[in-house]
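# Close look at the chain arrangement
Now for the letters of each chain:
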Amino acid sequence: MDHIGAQDLDQRCREATHLLTLCRGADGDQPALTAFLVPRRSAGIAMTPIAKVGNNCMPSFDIGFDAVPVADDDRLGAVGEGFKTVSGALGYSRASMAATAVGCAKAALDLALEHAKSRVQFGKPIGEFQVIKHRLADMKFEITKAELLVAELARRIDGGEDIDIITPMAKLAATEALQFVTAHGMQILASAGYASESPMQRYWRDARLFTFGEGTSEIQREIIARHLGLR
Ligand SMILES: Cc1cc2nc3c(=O)[nH]c(=O)nc-3n(C[C@H](O)[C@H](O)[C@H](O)COP(=O)(O)OP(=O)(O)OC[C@H]3O[C@@H](n4cnc5c(N)ncnc54)[C@H](O)[C@@H]3O)c2cc1C
């Protein structure tokens, strides 16, 4: 893939005027990370678009930095505290990702349910076959468990309460529920869901990012285990 020019970049990446960047001192005297908000148009920045399986509403780029000048005014937080600065926002962005996962899972369930009621095979709607009916019941069950955790997380955020333990649990529950629901949604729609015109295939593709975006499921489990006193 070619690097793209400034005009293309403006069109494809117009949302981002600055790049949140974690830097380490080149001479090794600052091993800890420092965060900067680097203006996107700075000299020495090369952005290469990445083609992805899903989430195409959100452009992604490989970003190269070559002796990019930064001013002290561009620094976000204290020198050497970049990880703390950035990870402080993760509680809230994981909450948002968990809520988005629940919303996407609900849309996939609605579509699967509509299909199960209207698609007739062997003389009856497929939703009347027990295997499909129970699959839909499990989808609803998984979504509801996740939604309750996400609601509790939102309540704690609103109340200014500690969210350290509930955030990874809500993120894990909601994003894993989304995998379950979209995988079964695809199975229930079968060929109808595999067609490019079907929203189900997009839910299924977009869903895949959710168990590693904003920290993988494995890392969420690591955080939960740490709360149990395990290292
Ligand atoms: C399009 C896109 C957008 C994204 N946007 C964001 C975003 O906005 N914010 C954000 O935070 N993340 C985002 N991510 C996710 C993030 O960048 C990484 O994908 C994620 O942190 C995992 O890193 P990695 O992909 O390098 O996988 P790796 O770190 O290489 O991990 C590979 C596998 O090893 C496992 N693994 C690694 N270390 C451990 C360990 N210590 N213990 C157990 N298992 C481990 C991982 O769980 C995973 O299964 C995005 C990813 C994509 C593709």
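The structure contained in this document is the topic of the report that follows. Here the residue numbering is sequential within each chain, running from 1 through the sequence in written order. Note on the predicted model: pLDDT of at least 70 is required for a residue's local features to be given, and 80 or more for side-chain atom pairs to be given and counted; whole-chain, interface and lining totals, by contrast, use all residues. Side-chain numbers here rest on the full set of heavy atoms in the structure, without hydrogens or water.

## Concerning the side chain of Ser-42
Here Ser-42 is to be found in the loop between strand 2 (34-39) and strand 3 (45-49). Type-normalised accessible area, obtained with a 1.4 Å probe on protein chains alone, sets the label of each residue: buried when under 20%, exposed when over 50%, and partly exposed for intermediate values. With a relative accessible area of 14%, Ser-42 lands in the buried category. A polar side-chain atom of Ser-42 sits 2.6 Å from the main-chain carbonyl oxygen of Pro-39. Secondary structure is summarised from DSSP: a helix means a run of H or I of at least four residues, a strand means a run of E of at least two, and numbering begins at the N terminus for each. Any pair of N or O atoms that falls within 3.5 Å is considered a polar contact. Within protein, one atom must be able to donate a hydrogen and the other to accept it, and sequence-neighbouring residues count only if both atoms are side-chain atoms.

## Some remarks on the packing of aromatic side chains
Within 6.5 Å between ring centres, the rings of Phe, Tyr and Trp (the latter by its six-membered ring) count as paired, and their orientation is classed by plane angle as stacked under 30 degrees, edge-to-face over 60, tilted in between. Following the criterion strictly, the structure yields 0 aromatic pairs and no others. Any Lys NZ or Arg CZ found within 6 Å of a ring centre and within 35 degrees of that ring's normal is scored as a charge over the ring. Geometry around Phe-141 places Lys-145 over its ring, the cationic atom sitting 4.4 Å from the centre.

## Things to note about the site of the ligand
Any residue with a non-hydrogen atom lying within 4 Å of a molecule or strand is treated as near it. The environment of the ligand is formed by Lys-52, Met-58, Ser-60, Leu-209, Phe-212, Gly-213, Glu-214, Thr-216, Glu-218 and Ile-219. Here Glu-214 contributes a backbone N or O atom positioned 2.9 Å from a nitrogen atom of the ligand. Contacts to the ligand include Glu-218, whose side-chain N or O atom sits 2.8 Å from an oxygen atom. Summarising the domain contributions, the shell around the ligand has at least three residues from each of domain 1 (6-85) and domain 2 (88-227). Boundaries of every domain are those given by an automatic assignment or by a domain database.

## Things to note about the side chain of Thr-34
Position of Thr-34 relative to the elements: it lies in strand 2. Of the residues examined, Thr-34 reaches a relative accessible area of 4% and is grouped as buried. In this structure the side chain of Thr-34 is engaged in a polar contact, spanning 2.8 Å, whose partner is the backbone nitrogen of Gly-80. Leave out the neighbours within four places in its chain, and Thr-34 touches Thr-21, Leu-22, Cys-23, Arg-75, Ala-78, Val-79, Gly-80 and Gly-82. Note on contacts: a residue pair is in contact if any heavy atoms of the two residues lie within 4.5 Å.

## Considerations on the nonpolar core
Inside soluble globular proteins, nonpolar side chains tend to come together where they are buried. Note on terminology: a nonpolar core comprises buried Ala, Val, Leu, Ile, Met, Phe, Trp, Tyr and Cys residues joined through side-chain atoms within 4.5 Å. By size, the foremost hydrophobic cluster in this structure holds 34 residues, and its most contacted members are Leu-136, Ile-188 and Met-200. The set of elements that each furnish at least two residues to this core consists of helix 2 (82-118), helix 3 (130-158), helix 4 (166-189) and helix 6 (199-207). When residues in this core are grouped by element, the largest group, 12 residues, is from helix 2. Not counting the four nearest positions on each side in its chain, Ile-188 is found in contact with Ala-112, His-115, Ala-116, Ile-126, Ile-132, Arg-135, Leu-136 and Met-139. The next biggest cluster of nonpolar side chains, apart from the first, holds 7 residues, and it includes Leu-19, Phe-36, Val-38 and Met-47.

## A word on helix 3
Multiply 1.5 Å by the residue count of a helix minus one, and that product is the helix's expected span. Here helix 3 contains 29 residues, and its C-alpha end-to-end distance of 41 Å stays within 8% of the 42 Å for a straight helix at 1.5 Å per residue. Against the buried residues of helix 3 lie helix 2 and helix 4. Positioned one or two residues after helix 3, Gly-160 has a phi angle of 70 degrees, which is positive.

## A closer look at the sheet that holds strand 1 (residues 18-23)
Strand pairing within a sheet occurs via backbone hydrogen bonds; the two strands may be parallel or antiparallel. A pair of strands is considered paired only if DSSP assigns at least 2 bridges between the two. Taken together, 3 strands build an open sheet; the order of strands is 1-2-5 and the sheet is antiparallel. This sheet does not close on itself; its edge strands, each paired only once, are strand 1 and strand 5 (75-76). Here strand 1 runs beside strand 2; their pairing, made up of 6 bridges, is antiparallel. Looking at strand 2, one finds that Leu-19 is bridged to Val-38. In the packing of helix 2 onto the sheet, the strands contacted are strand 1, strand 2 and strand 5, and the crossing angle to strand 1 comes to about 130 degrees. Only the stretch in contact is used when fitting a helix axis, every axis being a line fitted to C-alpha atoms; angles between N-to-C directions are given from 0 to 180 degrees.

## Looking at helix 6
Because the α-helix completes a turn every 3.6 residues, residues three or four places apart line up on one side. Three or more residues of helix 6 are buried, namely Met-200, Gln-201, Tyr-203, Asp-206 and Ala-207. Elements that come into contact with the buried residues of helix 6 comprise helix 2, helix 4 and helix 5 (191-194).

## Things to note about the packing of helix 3 against helix 4
One way to put it is that helix 3 packs onto helix 4 with a least axis distance of 9 Å and a crossing angle of 155 degrees. The orientation of helix 3 relative to helix 4 falls into the category roughly antiparallel. Handedness of the helix 3/helix 4 crossing: left-handed. In the contact of helix 3 with helix 4, the residues fall into 17 nonpolar, 4 polar and 5 charged. For classification purposes, angles smaller than 35 degrees are called roughly parallel, those larger than 145 roughly antiparallel, those between 65 and 115 roughly perpendicular, and all remaining angles oblique. Left-handed describes a crossing whose near helix is turned anticlockwise from the far helix through less than a right angle; right-handed describes the clockwise counterpart. Just so you know the grouping, Ala, Val, Leu, Ile, Met, Phe, Trp, Tyr, Cys and Pro go in nonpolar, Asp, Glu, Lys and Arg go in charged, and all remaining residues, Gly too, go in polar.

## A word on the layout of surface pockets
In this analysis the probe radius is 1.4 Å and the grid spacing 1 Å, with only protein atoms considered; a cavity is a set of points the probe fits into but cannot get out of, a pocket is an open set with protein on both sides within 12 Å along at least five of seven lines, and lining residues have an atom within 4 Å of a point. Grid points are joined across faces, edges and corners, and a volume is the space filled by probe spheres set on the points. Estimated volume of the largest pocket: approximately 370 Å³. What lines the largest pocket is a set of 15 residues, among which Ser-87, Leu-90, Gly-91, Arg-94 and Ile-223 lie closest to the centre. For the lining of the largest pocket, the secondary-structure elements that each account for two or more residues are helix 2, helix 4 and helix 7 (217-227). It is helix 2 that provides the largest number of residues to the lining of the largest pocket, a total of 6 residues. Along the lines of polarity and charge, the residues of the lining of the largest pocket split into 6 nonpolar, 5 polar and 4 charged.

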